[in-house]
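Summary of the model geometry
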Amino acid sequence: MSSLPPLLLANWKMNLCVSESRSLARAIAKSVLNARKNKSTRANVQVVLVPSFTALDAVARVGSRSGAFSIGAQDCFWEERGAYTGEESVCSLREIGVSFVLIGHSERRQYVNESNEAIRKKIECVSNDSTMIPVLCIGENHSQKVLGKRKSVLQQQLLSALKGLFQRRLTREIVIAYEPVWAIGTGVPATAVDCAEVYRYIRGLMENAWGAAAVGRLCRIIYGGSVSESTVTDFVSKDISDGALIGGASLTASGFTRIVHGVMDSL
Ligand code: PGA
C-alpha cells in the first residue's frame, strides 16, 4: 500500500461542455468540503477532476478558489512548443494549474491509435515537469484476458512506457491506472481478487526497478473500469488499489460525492 492518500480521479472524458463542467465542479467542491468538515483528519482522500481541455480553466478556477480538488488533463503532447496543430503542451497545462495528466488511456489507444512510443514520450515529458504527475493507463482487452495474456500485456505496456524512467532513480510521483478495457463503460468491473493480483504484479515490476521504499513513497496503483458508489470500497482498500479512476459514475455530483464519502468512511 502506498503511503500517499487514496486518489480518486473523475474522468469526464468528452461528456460535458464548459458550463456543465463548471456547475458539476462547483457542486462537487461544496460536498467535498462538507464531507471534510464532518470527517476526522484521517479521512484524507485526494480528489482530482479531469475535464476536457476546453473546460480545464473554468474547473481549475473552482478548484483553486475552494481548495476541494486538484485538476487533471486527459492528455498532453510531448514537446514544449512548436508546429503541432491541435496538441496541448505541458507548459499550457501547468499555467492553468493542472497537476495530473492521464497518458495512454485505452480510448486514445483505440480511437486515435496512440502508440507505445508516443505514450513513452508523453510519460517522459510529464515526469520531467516538477509540478505534474503522470497517470499511466494500462490494461488488457477482452480477448487478451480470455487467452490468459493479462500479465504479459501489462508488463509490455508498463515496460515500454517506463523504460526511460526505469533507468533512473525515482524522484517524483507517478500513478499507474490498471484499467481493463473490457471493464470500461460496461458496468462489469474486475473482481477485487483480480485487482489484488494485478496490484502485486505491477508493484513488483516497479520495485525491481526503483526499490520498495521509493515505490511506497512515490507510486500509487489505482483501478478503473465501471467503478460505482456500490463497488468503490471493494477496490480502494489495502493491497487492492491506492485509488480509482472513475468515468460514468463521476458525471453527477450526487453519485461522485457518494463515492468520495464511501472511501472516506472506509479509511
Ligand atoms: P468508466 O470509465 O468508469 O465509465 O468505466 C473509466 C475510465 O475510462 O477511466
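That block above? That's the structure.
Residues numbered from 1 in each chain as written. Predicted model: local features only at pLDDT ≥ 70, side-chain atom pairs only at ≥ 80, totals over all residues. Heavy atoms only, no water.

**Details of the pattern of salt bridges**
Opposite charge on two side chains lets them pair, provided their charged atoms get close. One pass over the structure, following the stated rule, counts 17 salt bridges. One salt bridge connects Asp194 with Arg150, and the closest N-O pair in it is separated by 3.4 Å. Of the two residues, Asp194 sits in helix H8 (residues 192-210) while Arg150 sits in helix H7 (residues 150-166), which places them 44 residues apart along the sequence. Asp194 gets classed as buried once you look at its relative accessible area, which sits at 18%. With a closest N to O distance of 3.0 Å, Arg220 and Glu173 form a salt bridge. On the criterion of sequence distance, the pair formed by Arg220 in strand E7 (residues 219-224) and Glu173 in the loop between H7 and strand E6 (174-178) is long-range, its members being 47 residues apart. Through salt bridges with shared partners, a single network forms among Asp75, Arg108, Glu114 and Lys122. (Salt bridge = Lys/Arg side-chain N within 4 Å of Asp/Glu carboxyl O. Helix = DSSP H or I, 4+ residues; strand = E, 2+ residues; numbered from the N terminus. Buried < 20%, exposed > 50% of the residue type's maximum accessible area, 1.4 Å probe, protein only.)

**Side note on the packing of aromatic side chains**
Geometrically, a pair of aromatic rings is defined through the distance of the ring centres and the angle of the planes. Enumeration over the complete set of coordinates arrives at five aromatic pairs. Both rings, one in Tyr223 and one in Phe235, keep their centres 4.4 Å apart while their planes meet at 25°; by these two values the pair is stacked. Placement of Tyr223 in strand E7 and of Phe235 in helix H10 (residues 232-235) is noted, with a sequence separation of 12 residues between them. Feature note: the residues Phe77, Trp78 and Tyr84 constitute an aromatic cluster, connected by ring pairs. Note that Lys145 overlies the ring of Trp182, its terminal NZ or CZ placed 4.3 Å from the centroid. (Phe/Tyr/Trp six-rings, centres within 6.5 Å; stacked < 30°, edge-to-face > 60°. Lys NZ or Arg CZ within 6 Å of the ring centre and 35° of its normal.)

**Examining the nonpolar core**
If you look at the biggest cluster of nonpolar residues, it comprises 74 residues, and the most contacted ones within it are Leu8, Leu49, Phe69, Leu158, Leu162, Met206 and Trp210. Take this core: its biggest share by element is eight residues, from H8. What Trp210 contacts, discounting residues up to four positions off in sequence, is Leu162, Leu165, Phe166, Arg168, Arg169, Leu170, Ile174, Val215 and Cys219. Among the nonpolar cores identified, the runner-up in size contains 13 residues, and Leu9, Val48, Val50 and Leu102 belong to it. (Core = buried A, V, L, I, M, F, W, Y, C linked by side-chain atoms within 4.5 Å. Contact = heavy atoms within 4.5 Å.)

**Considerations on the site of the ligand**
Within the structure, the ligand sits among 13 residues, and Lys13, His105, Glu179, Gly185 and Ser226 are positioned closest to it. Lys13 places a polar side-chain atom, nitrogen or oxygen, 2.7 Å from an oxygen atom of the ligand. Contact between the ligand and His105: an oxygen atom at 2.8 Å from a side-chain N or O atom of the residue. Considering the ligand on its own, with 280 Å² of exposed area, one finds that the protein chains cover 95% of that surface. By residue class, the composition of the shell around the ligand is four nonpolar, seven polar and two charged. (Near = heavy atom within 4 Å. Polar contact = N/O pair within 3.5 Å; in protein donor to acceptor, adjacent residues only side chain to side chain. Areas by Shrake-Rupley, 256 points an atom, 1.4 Å probe, with all protein chains shown as cover. Nonpolar A, V, L, I, M, F, W, Y, C, P; charged D, E, K, R; others polar.)

**Brief notes about helix H2 (residues 56-66)**
Regarding H2, the residues found buried are Leu56, Ala58, Val59, Ala60, Val62 and Gly63. Contact partners of the buried residues in H2: helix H1 (18-38), strand E2 (46-50), strand E3 (70-73) and helix H3 (90-96). Just past H2, the residue Gly67 takes up positive phi, approximately 70°.

**Observations regarding the sheet that holds E2**
Around the barrel, which closes on itself, the eight strands sit in the order E1-E2-E3-E4-E5-E6-E7-E8 with parallel pairing between neighbours. For this sheet, the mean angle separating the axes of adjacent strands, direction not counted, is 25°. Relative to the sheet, H2 contacts E2 and E3, its axis offset from that of E3 by approximately 160°. Packed onto the sheet, helix H11 (residues 253-266) meets strand E1 (7-11), E2 and strand E8 (243-246) and runs at close to 170° relative to E1. (Pairing = 2+ DSSP bridges. Axes fitted to C-alpha atoms, helices over the stretch in contact; angles between N-to-C directions.)

**A closer look at the pairing of E1**
Along E1, five of the five residues are buried, which leaves the element largely enclosed by surrounding structure. Residues of E1 alternate between two faces, with Leu7, Leu9 and Asn11 on one and Leu8 and Ala10 on the opposite face, all of them buried. Of the pairings in the sheet, the one linking E1 to E2 comprises five bridges and is parallel in character. Directly across from Leu8, in E2, lies its bridge partner Val47. Direction of pairing for E1 relative to E8: parallel, over a ladder of four bridges.

**As for the environment of Phe166**
Looking at where Phe166 falls in the secondary structure, it is placed in helix H7. Since its relative accessible area comes to 16%, Phe166 is described here as buried. Sequence separation of Phe166 and Glu207 is 41 residues, and the distance between their C-alpha atoms is 10.0 Å. The residues touching Phe166, leaving out its near neighbours within four places in the chain, are Leu158, Leu159, Leu205, Met206, Ala209 and Trp210.

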